[in-house]
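# Breakdown of the fold
Given next are the chains, with one letter for each unit.
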Amino acid sequence: MKIVICDDNQTDVNVLLKYLNKEHDVTIFNSAEEFLIDFESNISDVDLFVLDIFMKEMTGVSLATKIREFDTEVPICFTSSSSDFYREAYDLYAFQYLIKPIKENEFIQMINKVNEKAKINEKKINSFMDFDLISFKKSGSGFSKASSAVYHGGQVVKFTSFD
């Protein structure tokens with residue numbers, strides 16, 4: 001699981017790192033601004049964002065707003081010493097809102113929920129790909145698994161491979 005932690009308090013970051021095992025690919029940013037320097041490469045393929053609410057310049061809520069402009073589905077967990085930003089977190093479809101100091105069992109439970117959500121989404125994708133012919137009537141587009149062809153308006157647009 002690829003996790004991005006953005007928190008300006010190294011002690012809090014160290015606590016979270018202690019809770020995670022070595023199979024997680026974790027990237028740490030000490031500020032929202034540091035994350036935004038290379039936003040597109042930092043956001044790609046992330047499975048979970050863990051964002052501190054209170055950081056020096058840009059808040060975790062502001063950073064989450066930018067992330068949501070790019071990806072509306074990726075789980076975001078906010079961390080804070082205050083519950084004052086529940087409403088903003090809810091508006092951004094937060095996956096979780098954890099109050100500091102974060103307890104290990106709460107953090108691990110949240111990680112497990114993210115993993116479970118990813119497994120459910122993977123099953124949905126796999127069952128979708130089990131169909132031989134997928135057709136989207138409004139656009140006249142579709143996909144044929146048997147011929148590995150993507151078509152639009154009755155014309156083959158692209159051949160694909162699943163190997």
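So, here is what we can say about the structure in this document.

Each value, and the rule that gives it
- Residues numbered from 1 in each chain as written.
- Predicted model: local features only at pLDDT ≥ 70, side-chain atom pairs only at ≥ 80, totals over all residues.
- Heavy atoms only, no water.
- Helix = DSSP H or I, 4+ residues; strand = E, 2+ residues; numbered from the N terminus.
- Buried < 20%, exposed > 50% of the residue type's maximum accessible area, 1.4 Å probe, protein only.
- Contact = heavy atoms within 4.5 Å.
- Areas by Shrake-Rupley, 256 points an atom, 1.4 Å probe, with all protein chains shown as cover.
- Pairing = 2+ DSSP bridges.
- Axes fitted to C-alpha atoms, helices over the stretch in contact; angles between N-to-C directions.
- Arc of directions from axis to C-beta.
- Polar contact = N/O pair within 3.5 Å; in protein donor to acceptor, adjacent residues only side chain to side chain.

### With respect to the overall build of the chain
Helix and strand counts for the chain stand at 6 helices and 9 strands. Expressed as a percentage of its 163 residues, the buried residues of the chain come to 35%. The long-range share in the chain, meaning contacts at least 24 apart out of those at least 6 apart in sequence, stands at 44%. If you sum the accessible surface of the chain, you get close to 10,200 Å²; carbon and sulfur atoms cover 53% of it.

### Brief notes about the sheet that holds strand β5 (residues 96-99)
Taken in spatial order, the 5 strands of this open sheet run β2-β1-β3-β4-β5, and their pairing is parallel. For this open sheet the edge positions go to β2 (25-29) and β5, each flanked by a neighbour on one side alone. With strand direction ignored, the average angle separating the axes of adjacent strands in the sheet is 15°. Relative to β5, strand β4 (residues 76-80) is paired through 4 bridges, and the arrangement is parallel. Paired with Cys 77 across the strands is Gln 96, a residue of β5.

### Regarding unusual backbone geometry
Here the bond from Lys 100 into Pro 101 is cis, since omega is -5°, no more than 30 degrees from zero. Among the secondary structure elements, Pro 101 is positioned in the loop between β5 and α6 (104-129). Positive phi is not limited to glycine here, since Asp 45 has a value of about 60°. Looking at the secondary structure, you find Asp 45 in the loop between α3 (39-43) and β3 (48-52). One non-glycine residue, Tyr 93, lies in the positive phi region at around 55°. Take Tyr 93: it is sitting in the loop between α5 (86-91) and β5.

### Some thoughts on helix α1 (residues 10-19)
All of the buried residues in α1 are Val 13, Leu 16 and Tyr 19. End-on, the buried residues of α1 take up no more than an arc of 120°, which puts them together on one face. The outward face of α1, more than 90 degrees from its buried face, is lined by the exposed residues Thr 11 and Lys 18. Structurally, the start of α1 carries an N-cap: the backbone nitrogen of Thr 11 is 2.9 Å from a side-chain oxygen of Asn 9.

### Overview of the side chain of Asp 52
Here Asp 52 is to be found in strand β3. Side chain to side chain, Asp 52 and Lys 100 meet in a polar contact 3.1 Å long. With residues near it in sequence (within four places) discarded, Asp 52 still touches Cys 6, Asp 7, Asp 8, Thr 59, Gly 60, Thr 79, Ser 80 and Lys 100.

### Describing the pairing of β3
For β3, a buried count of 5 out of 5 residues is recorded, marking the element as mostly surrounded by other parts of the structure. Every second residue of β3 is oriented toward a common face, with Leu 48, Val 50 and Asp 52 on one face and Phe 49 and Leu 51 on the other, all of them buried. Pairing geometry for strand β1 (residues 2-6) and β3, over 4 bridges, is parallel. Pairing of Val 4 across the sheet is with Phe 49, part of β3.

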